[in-house]
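Single-letter residue listing:
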Amino acid sequence: MQASIIRYFLILLFIANSATTLAQYHAVHEIDSVMDLSPYYLPTSYSNIQFIEFEHLTFKPVDTSMISTHLFDPLLKPEGIYQNLGLNGQAHQSIVFDYQREMGFVYQQLPYPLYFKKQSDLSFPKLKTTYSRVAYTITLPNLNELFADFSQYVKGVTIDFNFYAFSKGSFNNQISRNICTDFLLHYETPSSIYGFKTSFILNHLNSDDSGGLKDLDAYKNGADLPAIYNPKARSRIMAFDINLQNYVNIINKDKKYFGTFTYDFQLTHNTINYSDTEPDSVYYPHFDGDISNDSTRLLSVKNVLQWSNFKPFKELIDKKNFFHIAGGALHDYSELKYSSNHFNSLYLFARTHIRLFHVLDITGKISYSVYGYTQNDLLANAGISWAINREKEHVIGFNASFFHNTPEYVLQHVRSNYFQWDTTFLKQDVVQLKAFWNYEKYKISASYFFINNWAYLSEQWHPIQHEKSGNLLQLSAFVPFRYKNFGTTANLNLQHCTNDVIKVPLFAGKLSVFYIFELLKKRLKIQVGTDLMYNTTYAADGYLPVLHKFYYQNSQNIGDFVFWDANVTVQIDRINFFFRIANLLPPFMHYRNFTTPNFPTDKYNISIGITWRFFD
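Residues numbered from 1 in each chain as written. Predicted model: local features only at pLDDT ≥ 70, side-chain atom pairs only at ≥ 80, totals over all residues. Heavy atoms only, no water.

Along the polypeptide, Gln108 turns up in the loop between strand E4 (92–94) and strand E5 (123–127). At 3.0 Å, the side chain of Gln108 and the backbone oxygen of His548 are in polar contact. Setting aside its immediate chain neighbours within four residues, Gln108 contacts Ile272, Glu408, Val410, Leu547, His548 and Lys549. (Helix = DSSP H or I, 4+ residues; strand = E, 2+ residues; numbered from the N terminus. Polar contact = N/O pair within 3.5 Å; in protein donor to acceptor, adjacent residues only side chain to side chain. Contact = heavy atoms within 4.5 Å.)

Below you can see the structure in the form of structure tokens.
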């Protein structure tokens, strides 16, 4: 291992030396206005895109700063605060309550939102030629992560490709191998009459599922490899998603625009497998066999036809007044292979975006299921905002969302080696009222949630629908403060819920603090920083590997622990190197380093990584 570390540092030293020479040789060329270092910088921007409910594009320049380079894994980003199983790449859910739902049949919301991409997670690039990024991280003793991004524009064709891979783990029977890759291609004819977008997403998880620690006291007393419940349990999940969107802009000979017809086709296929050759009789008291192997396959096909009076894949126009509307129908067919059950649903939907006087924006969307398994499901959202200064993104506003939907299928019908149930639940109701203030990257919001008929997995691992309604209050602030070379990024959240089956901490927050030293006429930058995460004590949800679900529990509290990391980042031209020491405090805080009961995070680890961008 020591020889491997030395070899790795020698490679980094060689690359750094080569990059410095390259920067000196090309010093006379155009300087990157964002990072003042890149000799070949060409402006590159990205915009979020939506599946079905597409909107005009709003592009943001690619982040070329060094501030968050060391936050290489999505779980580490300051924008989200998650409970997890102690290892990047495994199951997780947000500590800050949120609720979202899309049209269609939902078998199960898999607990990998940061690693399993959906169509709404894809982005669309705007660039002149090519942009690419390669990043690699090794975390001692035994973790590796690889990122690769590539975007190109050639003669009306836009291509975007992203790849992420994660392998190995540090705890006993806690190994994961994840792959997530996506590809997007867009083309529009020179006349702008016809265009199409096709995209493909592959999510793959190959994970050991320990079930957590048997003896928490042994771990807290410093045991290196404490006993676990399921030493032979494995999960294999394969999910792929194919989407094709065709659109025709109706334009007459005088180039007058009469709207756009869009047809979307989406096919998804999920295979979920859980196996255990030595099931623990205490952990699974209702299972008598020696070997378990549960497999679920779900096929889903969506067809969507809609009309809009605005063109897809165009930037949001800066007009004083406009009136955009869209509407259509979605048919969803889903098939559960292990039971040969078929589900059909038909939705009607509409949306609008109105701008008045250049400063007032009114948005709204609604979808309603008129037929099939999800009949009478209703999703609605309305918002109003006032732009104080559009250039600085200074906006105040209010949003209201309403969800009246069928609970997940897995909470109502299951046939497995461990569990069997058939229940009938009422539709869930979730209402969110949100007031917000945004200024550049500063965001402050206050939310109120009304929750009724909440369906969940109980402490006894059985589905229950809560008979009482509840209220949840939430105050959030995201504050990225910068002053010259000093900066902080704070994500702060206060929460309280009257529904006793939805557990949230009173406070949850992340804080990053850094200072950047500039050397060699700003051609060499060194950032020294620290990251902290903390939440107050609460009965966090437990995790059940066999169903890949978090469940309600009220017997074990976690929290009141500071996760403290330290980091150093070096930037030379378009290359960033970083060194990060994670989770320094467990020995000094009685090994209470849990975000999920029975699943401790790494006591201590070191990460070394490199990120290299190309704008050629």
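Overall, the coordinates contain 18 salt bridges when judged by the stated rule. For Lys549, the salt bridge is made with Glu408, and the minimal N-O distance between the two is 2.9 Å. Here Lys549, found in strand E30 (residues 549–551), pairs with Glu408, found in the loop between strand E18 (394–405) and strand E19 (413–415); they are 141 residues apart in sequence, far enough to count as distant. The same class applies to Lys549 as to Glu408, namely buried. For Arg415, the salt bridge is made with Asp422, and the minimal N-O distance between the two is 2.4 Å. The partly exposed category is assigned to Asp422, whose relative accessible area is 48%. (Salt bridge = Lys/Arg side-chain N within 4 Å of Asp/Glu carboxyl O. Buried < 20%, exposed > 50% of the residue type's maximum accessible area, 1.4 Å probe, protein only.)

One open sheet holds the three strands; their spatial order is E2-E1-E5, and the pairing between them is antiparallel. Every other strand in the sheet has two partners, leaving strand E2 (60–61) and E5 as the edge strands with one partner each. Two strands pair when backbone bridges link them, and strand E1 (residues 44–48) and E5 are joined in this way by five bridges, in the antiparallel orientation. When the bridges of E5 are listed, Asn48 appears paired with Ser123. (Pairing = 2+ DSSP bridges.)

Before going further, it helps to spend a moment on unusual backbone geometry. You will see that Lys484, though not glycine, has its phi angle at about 55 degrees, which is positive. Following the sequence through the fold, Lys484 ends up in the loop between strand E25 (470–483) and strand E26 (486–497). Phi at Asp573 takes a positive value of approximately 55 degrees, unusual for a residue other than glycine. Mapped onto the fold, Asp573 is located in the loop between strand E31 (563–572) and strand E32 (575–582).

Attention now goes to the packing of aromatic side chains. For the structure shown, the criterion picks out 36 aromatic pairs. Between Phe105 and Phe343 the ring centres are 4.3 Å apart and the planes differ by 10 degrees, which places this aromatic pair in the stacked class. Of this pair, Phe105 sits in the loop between E4 and E5 while Phe343 sits in strand E15 (residues 341–356), placing them 238 residues apart in sequence. In terms of burial, Phe105 and Phe343 fall into one category: buried. Ring geometry for Phe507 and Tyr534: centres 6.4 Å apart, planes at 35 degrees, overall tilted. Of the two residues, Phe507 sits in strand E27 (residues 507–519) while Tyr534 sits in strand E28 (residues 524–535), which places them 27 residues apart along the sequence. You can call Tyr534 partly exposed: its relative accessible area is 25%. Here the aromatic cluster, defined as three or more aromatic residues joined through ring pairs, consists of Tyr274, Tyr418, Phe419, Trp421, Trp461 and Tyr551. Sitting over the face of the ring of Tyr257, Lys311 holds its NZ or CZ atom 5.3 Å from the ring centroid. (Phe/Tyr/Trp six-rings, centres within 6.5 Å; stacked < 30°, edge-to-face > 60°. Lys NZ or Arg CZ within 6 Å of the ring centre and 35° of its normal.)

For the structure shown, the criterion picks out seven cavities of 30 Å³ or more. Within this model, the largest cavity holds a volume of roughly 510 Å³. Lining of the largest cavity is provided by 29 residues; of these, Leu76, Asn88, Phe563, Asp565 and Arg580 occupy positions nearest its centre. Taken together, the elements giving at least two residues each to the lining of the largest cavity come down to strand E3 (82–84), E27, E28, E31, E32 and strand E35 (605–614). Tallied by class, the residues present in the lining of the largest cavity amount to 13 nonpolar, ten polar and six charged. (1 Å grid on protein atoms, 1.4 Å probe; cavity = no way out; pocket = protein on both sides within 12 Å on 5 of 7 lines; lining within 4 Å. Points joined across faces, edges and corners; volume = space filled by probe spheres on them. Nonpolar A, V, L, I, M, F, W, Y, C, P; charged D, E, K, R; others polar.)

Here we take up the nonpolar core. Counting 26 residues, the largest nonpolar core has Tyr284, Phe419, Leu544 and Val546 as the members making the most contacts within it. In contact with Phe419, other than residues within four places in its own chain, are Val414, Trp461, Leu544, Val546 and Leu547. By size, the runner-up hydrophobic cluster in this structure holds 25 residues, among which are Tyr112, Phe116, Phe166 and Phe599. (Core = buried A, V, L, I, M, F, W, Y, C linked by side-chain atoms within 4.5 Å.)

This part covers the confidence of the model for the chain. Taken over all residues, the pLDDT of the chain has a mean of 86, while the share at 70 or more is 91%. For the stretch residues 1–40, pLDDT sits under 50, and the model shows 58 contacts to residues farther than four places along the chain or on other chains. (pLDDT = per-residue confidence, 0-100.)

Where nonpolar side chains cluster on the molecular surface, the patch consists of Phe481, Tyr483, Phe486, Tyr515, Phe517, Leu519, Leu520, Val528, Val568 and Phe579 and spans about 910 Å² of accessible area. Checked against the element boundaries, Leu519 lands in strand E27. (Patch = residues over 30% accessible without salt bridge, like charges linked within 9 Å, V, L, I, M, F, W, Y side chains within 5 Å. Areas by Shrake-Rupley, 256 points an atom, 1.4 Å probe, with all protein chains shown as cover.)

A word on the pairing of E35. Burial of E35 is extensive: eight of the ten residues sit out of reach of the surface. Here nine bridges tie strand E6 (residues 130–140) to E35, and the two strands are oriented antiparallel to one another. Following the sheet pairing, Tyr136 is matched in E35 by Ile610. As paired strands, E32 and E35 are joined by eight bridges and run antiparallel to one another. When the sheet's bridge partners are listed, Ile581 is paired in E35 with Ile606.

With respect to the helices, strands and loops of the structure, Thr374 is situated in the loop between strand E16 (360–372) and strand E17 (378–389). Here Ser369 takes part through its side chain, which lies 2.9 Å from a polar atom of the side chain of Thr374. If sequence neighbours within four positions are ignored, Thr374 has contacts with Gly104, Phe105, Ser345, Tyr347, Ser369, Thr406 and Lys427.

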